[in-house]
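Each chain, letter by letter, is given below.
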Amino acid sequence: MILMDLHTHSNYSDGKNSIEQMVGVAIELGYTAIAITDHVWKSSDWIDVFSEHIYKVKKIFGNDIYVFSGLEAKVINLEGEIDAASNVESKVDFLLGSIHRIPFSGGYYSISKGILDSEQRIYENWITSFENLLKNPRVDIIAHPLAELKRFHIELSQKQKEEIAELLDTSGKIVEINVKHNVPDQDMIELLRIHKTKVVVSSDSHSIEDLKRFYPTLKNLYTLPLNFVTLSELTK
Ligand SMILES: [Zn+2]
Ligand SMILES: [Zn+2]
């Protein structure tokens, strides 16, 4: 079995540990590959240092593990645009696209400030931004899909799930099964299997403790009969 974890955070953003510490534990756990995918914003000024750092780490640990550089970029509007400067994708191996806050025409919905809209409208705004994220050519991997709906306690019908699975499959993106957020759900994983959509299982670890804690679940998910992305697809 080839074990990869393509979504982790280091102390370049909100992770607790250094890149070397994260890579060291991934080697101990027997991973074939790990990606360090720190949170990026348009204002992030550390991308050059980060990518050079990972380039060095790749060489140091090259015999033990394949190390990828990545960034996790958040959707900022209904058009599916991401919060990342225009050239960052050229500096890393791949970009994760995620929705942390559901946008609407005048901002973002907020649970803490109170949800001042119907579930129907929130869903419509979510699906619009999600569909556009799937069309965004800058993004390679769709990180923790549907996690934000879960936070708003929006339940999907089987028909809606089937429509979303169709969108995911035709997008050509790699779809992440996220251990930390426990998304997507069993129904959606089954639909990803039926469609033979390219998937990856990732932990979204923010520390070496997370890496160890999420490892058994991650390993277990890799035993499912899914179309997992291969190392050669990622390195070509
Ligand atoms: Zn995220
Ligand atoms: Zn993350």
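Keep in mind the model is a prediction, meaning the values are calculated, not measured.

### Here's the deal with the overall build of the chain
- Helix and strand counts for the chain stand at 8 helices and 10 strands.
- Against the 2.2 N^0.38 benchmark of 18 Å for 236 residues, the chain shows a C-alpha radius of gyration of 17 Å, consistent with a compact globule.
- C-alpha extents for the chain along the principal axes are approximately 50 × 40 × 30 Å.
- Expressed as a percentage of its 236 residues, the buried residues of the chain come to 53%.
- Sequence separation of 24 or more characterises 77% of the internal contacts of the chain that already satisfy a separation of 6 or more.
- Counting every atom, the chain has about 11000 Å² of accessible surface; 50% of that belongs to carbon and sulfur.
- If the 25 positive side-chain charges of the chain are averaged to one point and the 34 negative ones to another, these points end up 1 Å apart.

### Side note on the UniProt feature "domain: Polymerase/histidinol phosphatase N-terminal" (unreviewed entry) in the chain
- UniProt's entry tags residues 4–77 with the feature "domain: Polymerase/histidinol phosphatase N-terminal" (unreviewed entry), counted in the numbering of this structure.
- Secondary structure within residues 4–77 divides into 34% helix and 30% strand; the distance between the first and last C-alpha atoms comes to 31 Å.

### Here we look at the coordination of the zinc ion (ligand 1)
- Taken together, E72 (OE), H100 (NE2) and H144 (NE2) make up the full set of protein donors to the zinc ion (ligand 1), lying 2.0 to 2.1 Å away.
- Look at where the donors of the zinc ion (ligand 1) fall in the sequence and you get E-x27-H-x43-H.
- A gap of 3.5 Å separates the zinc ion (ligand 1) and the zinc ion (ligand 2), which E72 links by coordinating each metal. With H100 in the loop between β4 (94–98) and β5 (103–104) and H144 in the loop between β7 (141–142) and α4 (147–151), this residue pair connects regions lying 44 residues apart in the sequence.

### Observations concerning the coordination of the zinc ion (ligand 2)
- Distances from the zinc ion (ligand 2) to its protein donors, namely H7 (NE2), H9 (NE2), E72 (OE) and D204 (OD), fall within the range 2.1 to 2.3 Å.
- Of note is the zinc ion (ligand 2), whose 4 donor atoms meet at the metal with angles of 80 to 169° in an arrangement that counts as irregular.
- One chain supplies every donor for the zinc ion (ligand 2), spaced along it as H-x1-H-x62-E-x131-D.

### As for the pattern of salt bridges
- Applying the stated rule across the entire model yields 11 salt bridges.
- In this structure, D187 engages K161 in a salt bridge whose closest nitrogen and oxygen atoms are separated by 2.7 Å. Placement of D187 in helix α6 (residues 186–195) and of K161 in helix α5 (residues 158–171) is noted, with a sequence separation of 26 residues between them.
- Look at K161 and you get buried, because its relative accessible area is 10%.
- Taking the shortest distance from any N to any O, the salt bridge between R213 and D210 comes out at 2.7 Å. Taken together, the residues span about one helical turn, with R213 and D210 both in helix α7 (residues 208–221) at a distance of 3 residues.
- For D210, a relative accessible area of 10% puts it in the buried group.
- The structure contains a network of salt bridges with shared partners spanning K161, D185 and D187.

### Looking at the pairing of strand β2 (residues 33–40)
- Where burial is concerned, most of β2 is hidden: 8 out of the 8 residues are buried.
- Here strand β1 (residues 4–8) pairs with β2 via 3 bridges, running parallel. Within β2, the residue paired with T8 across the bridge is I36.
- Read as a crossover between parallel neighbours, the route from β1 over helix α1 (residues 19–29) to β2 is right-handed.

### Remarks on the environment of Q21
- Within the secondary structure, Q21 sits in helix α1.
- According to the relative accessible area criterion, Q21 is partly exposed, its value standing at 40%.
- For Q21 and S10, which are 11 residues apart along the polypeptide, the C-alpha to C-alpha distance reads 8.8 Å.

### Examining the nonpolar core
- Residues L6, L71, W126, F130 and I164 are the most contacted members of the largest nonpolar core, which totals 78 residues.
- The biggest single contributor to this core is helix α3 (residues 119–135), with 7 residues.
- Every residue in contact with L71, bar those within four places of it in the chain, is listed here: T37, D38, V40, W46, I47, F50, V88, V92, F94, L95 and L96.

Rules behind the numbers
- Residues numbered from 1 in each chain as written.
- Chains lettered and ligands numbered in written order.
- Predicted model: local features only at pLDDT ≥ 70, side-chain atom pairs only at ≥ 80, totals over all residues.
- Heavy atoms only, no water.
- Helix = DSSP H or I, 4+ residues; strand = E, 2+ residues; numbered from the N terminus.
- Rg over C-alpha atoms; globule rule 2.2 N^0.38 Å.
- Buried < 20%, exposed > 50% of the residue type's maximum accessible area, 1.4 Å probe, protein only.
- Contact = heavy atoms within 4.5 Å.
- Areas by Shrake-Rupley, 256 points an atom, 1.4 Å probe, with all protein chains shown as cover.
- Lys, Arg positive; Asp, Glu negative; His and termini not counted.
- Charge placed at Lys NZ, Arg CZ, Asp CG, Glu CD.
- UniProt positions renumbered as here; feature names shortened; annotations may be inferred.
- Donors = N, O, S within 2.8 Å, 3.2 Å for Na, K, Ca; no water.
- Tetrahedral: all angles 85-135°; square planar, octahedral: opposite > 155°, others 65-115°.
- Salt bridge = Lys/Arg side-chain N within 4 Å of Asp/Glu carboxyl O.
- Pairing = 2+ DSSP bridges.
- Right-handed = clockwise from strand over helix to strand, strands pointing away.
- Core = buried A, V, L, I, M, F, W, Y, C linked by side-chain atoms within 4.5 Å.

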